[in-house]
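What follows is the residue order along each chain.
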Amino acid sequence: MQFFVDTADVGEIKALTETGMLDGVTTNPSLIMKAGRPMLDVIAEIADLVEGPVSAEVTATEADQMVAEGEKLAGIAPNIAVKLPLTWDGLKACRRLTGDGHMVNVTLCFSAAQALLAAKAGATFISPFIGRLDDIGLDGMKLIEDIRAIYDNYEDLETQILAASVRTVDHVQQAAIAGADVATLPPAVLSKLIEHPLTDKGLAQFLTDWKKTGQSIL
Ligand code: E4P
């Protein structure tokens, strides 16, 4: 499973690259607003820091305009994935942009039928939003499972499942079990993946006992 980080904070991304676990980045207009900096500068800096796909979202709602914005964003760096909303115009733009060789991440997916449409439109990634479905009392993980089952039924569908709106470590584990290709994680969740109290306790015990031996390896 690949790990992307869901943030437009360049400092956070820089720190996470040091873990060696970062395979890409996703952003959206809300995250750009939170970063409080010009989008094109932020995307260029992120694309320079990370080798893998960096999703940059269009804000037009009509297909021709989406394609124009998408081409501009894709022109920033070769690793940009143009992010398009799951609308008919978004799917039209998806077909055109992927046809021209650009990566496309179709976002705001809340049903398996939508994911099927995105795959038929040639999307590189489909982003089902787990947390936002859980928020309204539905089962976000079931959506990942359903999309996996559908995509696996058809060899010609090559779209990667990018589990989005991830809120917890358990979401990451369950999405991996369900066969998501990628998960995009808030930085805090990515940092938490390593945590287990028994790891800390076990290490403390090993170090205490080692000290008692009076030895040193170097
Ligand atoms: C995905 O690409 C989205 O940016 C993101 O995962 C949305 O997450 P949220 O529901 O926590 O805003």
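Going by the structure above, here's the rest.
Read on for a plain summary of the structure. Since the structure is predicted, the reported quantities are computational estimates derived from the model, not experimental observations.

**Thoughts on the nonpolar core**
By size, the foremost hydrophobic cluster in this structure holds 61 residues, and its most contacted members are L84, V106 and I126. Ranked by residue count, the leading element in this core is helix α8 (residues 140-153), at five residues. In this structure I126 touches L86, N105, V106, C109, A115, A118, Y151, T159, Q160, I161 and L162, once residues within four positions along its chain are discounted. Core analysis: the second largest hydrophobic core is formed by five residues, F4, F125, L162 and V182 among them.

**As for the packing of helix α4 (residues 63-74) against helix α5 (residues 88-99)**
Orientation of α4 relative to α5, taken along the N-to-C sense of each, is 45 degrees, at an axis distance of 8 Å. Between α4 and α5, the angle falls in the class oblique. You can see that α4 and α5 cross each other, and the crossing is right-handed. Here A63, D64, M66, V67, G70 and E71 of α4 come into contact with α5, specifically with D89, G90, K92, A93, R96 and L97.

**Considering the side chain of K83**
Mapping K83 onto the fold places it in strand β4 (residues 80-85). A relative accessible area of 3% means that K83 is categorised as buried. Not counting residues up to four positions away in its chain, the partners in contact with K83 are T26, T27, N28, S55, A56, E57, V58, N105 and T107.

Rules used in this analysis
- Residues numbered from 1 in each chain as written.
- Predicted model: local features only at pLDDT ≥ 70, side-chain atom pairs only at ≥ 80, totals over all residues.
- Heavy atoms only, no water.
- Core = buried A, V, L, I, M, F, W, Y, C linked by side-chain atoms within 4.5 Å.
- Buried < 20%, exposed > 50% of the residue type's maximum accessible area, 1.4 Å probe, protein only.
- Helix = DSSP H or I, 4+ residues; strand = E, 2+ residues; numbered from the N terminus.
- Contact = heavy atoms within 4.5 Å.
- Axes fitted to C-alpha atoms, helices over the stretch in contact; angles between N-to-C directions.
- Parallel < 35°, antiparallel > 145°, perpendicular 65-115°, else oblique.
- Left-handed = near helix turned anticlockwise from the far one by under 90°.

So far we have only geometry, and geometry alone does not tell us how the molecule works.
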